[in-house]
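Coordinate analysis (summary)
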Amino acid sequence: AQRVTQPEKLLSVFKGAPVELKCNYSYSGSPELFWYVQYSRQRLQLLLRHISRESIKGFTADLNKGETSFHLKKPFAQEEDSAMYYCALSFFQGGSEKLVFGKGTKLTVNP
Amino acid sequence: EAGVAQSPRYKIIEKRQSVAFWCNPISGHATLYWYQQILGQGPKLLIQFQNNGVVDDSQLPKDRFSAERLKGVDSTLKIQPAKLEDSAVYLCASSAPLAGSSGANVLTFGAGSRLTVL
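Because the structure is a prediction, the values reported are computed rather than measured. (Residues numbered from 1 in each chain as written. Chains lettered and ligands numbered in written order. Predicted model: local features only at pLDDT ≥ 70, side-chain atom pairs only at ≥ 80, totals over all residues. Heavy atoms only, no water.)

**Some thoughts on the interface of chain A and chain B**
Using the following cut-off: By definition in these notes, contact holds between two residues if any of their heavy atoms fall within 4.5 Å. Here the buried area means the combined drop in accessible surface, using a 1.4 Å probe, for two parts upon being joined, counting both sides. One side-chain nitrogen of Lys or Arg within 4 Å of one carboxyl oxygen of Asp or Glu is enough to make a salt bridge.
If you look at the interface, chain A gives 19 residues, while chain B gives 23 residues. Between chain A and chain B the total buried area reaches about 1,700 Å² when both faces are included, carbon and sulfur atoms providing 51% of it. In this structure, the connection of chain A to chain B is made through one salt bridge. A:K98 is the partner of B:D56 in a salt bridge, and the nearest nitrogen-oxygen pair spans 3.0 Å.

**What to know about the state of the cysteines**
What counts is decided by this rule: Cysteine sulfur atoms are paired as a disulfide whenever they come within 2.5 Å of each other. Numbering goes from the N terminus for both helices and strands, where a helix is a DSSP run of H or I of at least four residues and a strand is a run of E of at least two. Remark: exposure states derive from per-residue accessible area (1.4 Å probe, protein chains only) relative to the maximum for the residue type, with buried under 20%, exposed over 50%, and partly exposed in between.
Tallied over the entire structure, the rule returns two disulfides over all chains. Here A:C23 pairs with A:C87 through a disulfide, and the sulfurs are 2.0 Å apart. Taking the torsion about the sulfur-sulfur bond, which here is approximately -65°, the covalent link between A:C23 and A:C87 counts as left-handed. Of this pair, A:C23 sits in the loop between β3 (19-21) and β4 (24-26) while A:C87 sits in strand β9 (residues 83-93), placing them 64 residues apart in sequence. Grouping residues by exposure puts A:C23 and A:C87 together as buried. Here B:C23 pairs with B:C92 through a disulfide, and the sulfurs are 1.9 Å apart. Handedness here is read from the sign of the S-S torsion; for B:C23 and B:C92, about -70°, the answer is left-handed. Taken as a pair, B:C23 in strand β3 (residues 19-24) and B:C92 in strand β9 (residues 88-96) lie far apart in primary sequence, 69 residues in all. Accessibility expressed as a relative area gives 0% for B:C23, which makes it buried.

**Thoughts on the pattern of salt bridges**
Per the stated rule, a full pass over the model turns up seven salt bridges over all chains. Here A:D81 and A:K74 are joined by a salt bridge, their closest N and O atoms 2.8 Å apart. What makes A:D81 buried here is its relative accessible area of 3%. A:K74 gets classed as buried once you look at its relative accessible area, which sits at 10%. Salt-bridge contacts for B:R64 lead to B:D86; the nearest nitrogen and oxygen are separated by 2.4 Å. Placement of B:R64 in the loop between β6 (53-56) and β7 (65-68) and of B:D86 in the loop between β8 (75-79) and β9 is noted, with a sequence separation of 22 residues between them. For B:R64, a relative accessible area of 11% corresponds to the buried category. Looking at B:D86, the relative accessible area reads 2%, which means it is buried.

**Structural notes on the sheet that holds β7(B)**
Residue and element names in this part refer to chain B. As a reminder of what qualifies: Whether two strands pair comes down to DSSP finding at least two bridges between them. The axes are straight lines fitted to the C-alpha atoms, using for helices just the contacting stretch, and the angles between their N-to-C directions are given from 0 to 180°.
If you walk across this open sheet you meet the four strands as β1-β3-β8-β7, and the pairing is antiparallel. Each edge of the open sheet is held by one strand with a lone partner, namely β1 (5-7) and β7. The average angle at which neighbouring strand axes cross in this sheet is 15°, direction not considered. Note: β7 against β8, four bridges, orientation antiparallel. Paired with A67 across the strands is L77, a residue of β8.

**A word on the side chain of A:Q6**
All names here are of chain A. Rule in force here: Polar contact is defined as a pair of N or O atoms within 3.5 Å, subject to the rule that within protein one atom must be able to donate a hydrogen and the other to accept it, and that residues adjacent in sequence are counted only when both atoms are side-chain atoms.
Within the secondary structure, Q6 is located in the loop between β1 (3-5) and β2 (10-14). A relative accessible area of 8% places Q6 in the buried class. Polar contacts involving the side chain of Q6 include one to the main-chain amide nitrogen of C87, which spans 3.0 Å. A polar atom in the side chain of Q6 sits 3.0 Å from the backbone nitrogen of G104.

**Regarding unusual backbone geometry**
Residues and elements named next belong to chain B. Residue P8 is reached from S7 by a cis peptide bond, and omega for that bond is -10°. Checked against the element boundaries, P8 lands in the loop between β1 and β2 (10-13). Even without a glycine there, the phi angle at R16 is positive, about 80°. For R16, the position within the fold is in the loop between β2 and β3.

All quantities given are derived from atomic positions and should not be read as evidence of function.
What follows is the structure, encoded as structure tokens:
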């Protein structure tokens, strides 16, 4: 079954430190992976998608098919990065596109 | 563009009562989703519409949950009767293929409707 695993429920770092939020997926086909973010009192929104291969707010994520991972990284964390981060897997099944979310990681960046 | 609108934002009911949530997606978005997000968990898909047809309702507890999307625009999600475990945030999202982009659709989420069942 298609599944997304985010092993860390909570992650706390200091401002300026590197941060990595882990995401592993289970899918036998060709996956498309996303990171969605929810800042305090805001809506869930797209942060980045792997096919764009771009850096958003200093974050990058590389799809590693061998390790079935899509970890989110930022070299220097900022306090405004504190939020809930959800990894999501998109795939086609039964003729329609599905999106499955992980349980999320709460990132806290301390001053 | 206007975002995805949801109402009510908050609802408190007693178990066995009924509740309905409304969603107005982004204009032109053919696909509409209802997700349930229980505290401490990621969003779980309840039902997905393509225009006014259901494409996935495999995780919808059909004995108590129902949803419709008349005319392929607005949608309502109903729970009757509610149970304690239905306490959650109900998220509506819509999507459409990005112009000039390949790959999966990007979802735009509403603010959510927080349900508390006592």
